[in-house]
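# Close look at the chain arrangement
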Amino acid sequence: GKASYPSSVLMNAIPAVVAGVREIIMVVPAPKGELNSLVLAAAHLAGVHRVITIGGAQAVAALAYGTQTIPKVDKITGPGNRYVAAAKRAVFGQVGIDMIAGPSEILVYAEGDNNPEWLAMDLLSQAEHDEVAQAIFITPDATLLEQVAQAIDEHLQDLPRADTAKTSLQNRGALVLVKDREQAIELINQVAAEHLELSMDQPEDMLPFIRHAGAIFMGRYSPEAIGDYCAGPNHVLPTSGTARFSSPLGVYDFQKRSSIIYCSADGAKTLAQAADVLAQQEGLDAHARSARYRSE
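Now for a quick tour of the structure. (Residues numbered from 1 in each chain as written. Predicted model: local features only at pLDDT ≥ 70, side-chain atom pairs only at ≥ 80, totals over all residues. Heavy atoms only, no water.)

What follows concerns the sheet that holds strand β5 (residues 105-110). Taken in spatial order, the 5 strands make up an open sheet running β7-β6-β5-β8-β9, and their pairing is parallel. Whereas interior strands pair on both sides, the edge strands pair on one side only; in this sheet they are β7 (174-177) and β9 (215-218). Direction aside, neighbouring strands of the sheet carry axes that sit 15° apart on average. By the bridge criterion, 5 bridges tie β5 to strand β8 (residues 195-199) in an arrangement that is parallel. Across the sheet, the residue bridging to Ala-110 is Ser-199, located in β8. On top of the sheet, helix α8 (residues 181-191) reaches β5, β6 (134-139), β7 and β8; it is set at about 170° to β5, its chief contact. (Pairing = 2+ DSSP bridges. Helix = DSSP H or I, 4+ residues; strand = E, 2+ residues; numbered from the N terminus. Axes fitted to C-alpha atoms, helices over the stretch in contact; angles between N-to-C directions. Contact = heavy atoms within 4.5 Å.)

This part is about unusual backbone geometry. Generally, phi is negative for residues other than glycine and the peptide bonds are trans, each holding for most cases. Its identity is not glycine, yet Lys-32 carries a phi of approximately 55°, on the positive side. If you trace the backbone, Lys-32 turns up in the loop between β1 (25-27) and α2 (37-46). Phi at Ser-240 is positive, roughly 55°, even though this residue is not glycine. Summarising the element assignment, Ser-240 is placed in the loop between α9 (224-229) and α10 (265-281).

With that settled, the discussion passes to the nonpolar core. Soluble, globular proteins show a tendency: their nonpolar side chains are buried together. Ranked by size, the top nonpolar core spans 20 residues in total, and within it Leu-123, Phe-137 and Ile-152 carry the most contacts. Those residues in contact with Ile-152 that sit more than four places away from it in its chain are Ala-120, Leu-123, Leu-124 and Leu-169. Listed in part, the 16 residues of the second largest apolar core include Met-26, Ala-46, Val-236 and Phe-254. (Core = buried A, V, L, I, M, F, W, Y, C linked by side-chain atoms within 4.5 Å. Buried < 20%, exposed > 50% of the residue type's maximum accessible area, 1.4 Å probe, protein only.)

In structure tokens form, the structure reads like this:
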């Protein structure tokens, strides 16, 4: 309830619509009974079927188990605070979830001719989200590092969410000087950030070495903020290092597969022989006989 994000409504609902989900239910907190009109407009345009004014961990529980007024769902996606994340972890198995999303993160790598004002604002764009957001800057250029630090201090003087951003930077931010690009790549892959900016000439030269990142923003004219709203790919991304084994939210998260096994009589004879041998080796005699009957 700290802020309203119509962009997150679009990012979660549109892939579900494209995948063919038959019913989409949105839960949204309404502090002091107030609802954001843009959030409702986004829900309408994206094809959400029902909107329920409830938020927090209790909303996750209601969706997972159902109540007298809120139906049980099959899958829960979307952002929230640490309590929402903990609730999603607790109900996983009862329902599907997209991911356990932590605080927002950005890692900016810069080399060559860069505008420190741009880089500072990119870092602040994530720091202003939450006091526990993470903004990291990496560069082999000591002069640029100092310029970015100075630009951050200057912009904190007039940023509307300056208190949030300042707390975030003090507790979880970092300005890191590396000796070369190779060392930077090692750090980038270790952090596995939600958002990674490569502010440099020919970022495609570095891209093959990036193994872990939620979304990668290429070059000086691709700020993370554009990815939040309209670049195309989803802004629901793995955080807290989970980019090492998970991917951004997409249409595939709202699809599932079933295996189809259909044997002819001749096919059963062939396959059953292998199944018979393996089942006997595993000590599962009923399995072996079930297969053997078909082969006989």
